[in-house]
Structure formats: C-alpha cells, structure tokens
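Residue-level structure breakdown
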Amino acid sequence: MTMNGVPLTEEERRSVVQGPGDVEWKYEMRRECQEILPGLLLGPFAASKSLETLNALGVTHIVCIRDAKEAFSVRPRYPDHFKYMVLDVEDNEEQNLIRLFPGAKKFIDDAISDKGRVLVHCNGGISLSPAFVVMFVMQHYQLSWEDALHMVQNRRYCISPNGGFLTQIKEYEAIYKASLAVQLFPPVQRSISRRKREEEEDDDMEIRDEDRKRPLVKNDTQETDPNAMET
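First, a word on scope: everything that follows refers to the structure included in this document. Everything numeric here is computed off the predicted structure, so don't read it as measured data.

Position of S127 relative to the elements: it lies in the loop between strand 5 (118–121) and helix 4 (128–141). Each residue touching S127, except ones within four places of it in the same chain, is listed here: D91, S160, P161, N162 and F165.

As structure tokens, then:
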C-alpha cells in the first residue's frame, strides 16, 4: 500500500479512485459504515452504536463529529473500549472545517500507524464526516479534490458534502500542496542557500569594516624626489 506522502502512479491513482467495482449499493447501506482506505472507515452515528459490530470490524479509534445541538444523543458510547476524538461543529456552510482538520488528521494518522482502525462518523454520515475523510484521503494519496471526492463516493455512494464544505475541500487542495512543496524542498539546497546568505552577509560586514577604517579626508602630503631640481 502506498504510504502517506508518496505520490501514486497513474495506474494506482485510477485503481484507488475507482474502488471496488463489484459492490452493489443498497439504500440500507447508508446506515452502515464503509472502509475508505485500509484502517479508515466512514459512516453514520448508527454504525457506532453496536459494540458487537465495532469489535467485529476491528475498530480501535472513533472520531465523533457532531453538531453541538446533537451532543445529548451523538456521543461516545463505549469510552472504555475505544479511543475517541470528539469534534463539536455546526453542520452548516459557514462552519470552518479546515481549522479543525489538522487535529483530526493527526488522530487518524497515529491510529493507523499503531495498526489501529478508525471509524469517522457524524449523525448521518452524509455531509460533515465525509468532508473530513475527503480531505484526509486527498492528502494521504496526493489527489486532486475531484479524485478524492470520487474515491470516497465510490465506496460510500450516499455522501454529499454541502456547498460550504465542498468549497473548503477545494481550498484544502492548494493548502496541502503548498505544505508538501515546502517539505519536498531539498534540505541540502536549503543549507546551501542559508550558507550562501551567511557568506554574503559576512562579505558585506567586511566591506563595511574596511569603509570604517579608511580615512574620510585624503592626505594631500606628497613625497618629493630628492633628485628633482628646485625652482
């Protein structure tokens, strides 16, 4: 499996985005969770209510994303069995998801690195939690926002992030690519550039020191030739 941060070949990209072609989507499947990539599952709150099902799926971590008004019902059910991350947000187009995403990404990355399996859910698993998962797979596989959205849709057909979330998904593509470009800038080149800058600064300082030592008034005293004829 391609690791996080390593770009896919064109063939791998097509395969990842397309997903399993032998799955027949049924309406009742929206009440279940689906595996989006190895170790990452996406679904509704209903999928997090059955301890037996969660154990059967091998879930170890759960990201519970909820509107603050839903806190009384959408909540961690089995804190003694799973490690939870709870995000209180508003399921509307004005909610800033990009600000909350880095923490969620780290939670998911750490869980998968520890051989865990993470369920990401909101109430319905249609708009809010899918937006986070789309951003995650976009960066994980270095995909465009369109490919990332199609990848998740091809595994959970019922997702439909609202317009505001979709705009942020598009914006996040530029954000993660800019961050990646900084990371990929060769450390040796950075070191050379820094050393060159320091050398230039040293040269400038030496020139300034020489300027300070040089007399401001030129000495008009001239040496005389002892053999010269006096007039």
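Structure shown, so let's carry the discussion forward.
Another point: the packing of helix 4 against helix 5 (residues 145–153). With their axes 9 Å apart at the nearest point, helix 4 and helix 5 run at an angle of 120 degrees to one another. Accordingly, the angle class assigned to the pair helix 4 and helix 5 is oblique. Both helix 4 and helix 5 take part in a crossing whose hand is right-handed. Between helix 4 and helix 5, the contacting residues are V133, V134, V137, M138 and Y141 on the first element and W145, A148, L149, M151 and V152 on the second. Residues belonging to the contact of helix 4 with helix 5 are distributed by class as follows: ten nonpolar, no polar and no charged.

Summed over the entire model, instances satisfying the criterion amount to nine salt bridges. Connected through salt bridges with shared partners, the residues E10, R13, R14 and D147 form a single ionic network.

Before going further, it helps to spend a moment on the sheet that holds strand 3 (residues 61–67). If you walk across this open sheet you meet the five strands as 1-2-5-3-4, and the pairing is mixed. Since the sheet does not close on itself, it has two edges, and those belong to strand 1 (34–37) and strand 4 (83–89), each with one partner. Neighbour-to-neighbour, the strand axes of this sheet turn through a mean angle of 25 degrees, independent of strand direction. Sheet contacts for helix 3 (residues 101–113): strand 1, strand 2 (40–43), strand 3, strand 4 and strand 5; angle to strand 4, the most-contacted strand, approximately 165 degrees.

Rules used in this analysis
Residues numbered from 1 in each chain as written. Predicted model: local features only at pLDDT ≥ 70, side-chain atom pairs only at ≥ 80, totals over all residues. Heavy atoms only, no water. Helix = DSSP H or I, 4+ residues; strand = E, 2+ residues; numbered from the N terminus. Contact = heavy atoms within 4.5 Å. Axes fitted to C-alpha atoms, helices over the stretch in contact; angles between N-to-C directions. Parallel < 35°, antiparallel > 145°, perpendicular 65-115°, else oblique. Left-handed = near helix turned anticlockwise from the far one by under 90°. Nonpolar A, V, L, I, M, F, W, Y, C, P; charged D, E, K, R; others polar. Salt bridge = Lys/Arg side-chain N within 4 Å of Asp/Glu carboxyl O. Pairing = 2+ DSSP bridges.

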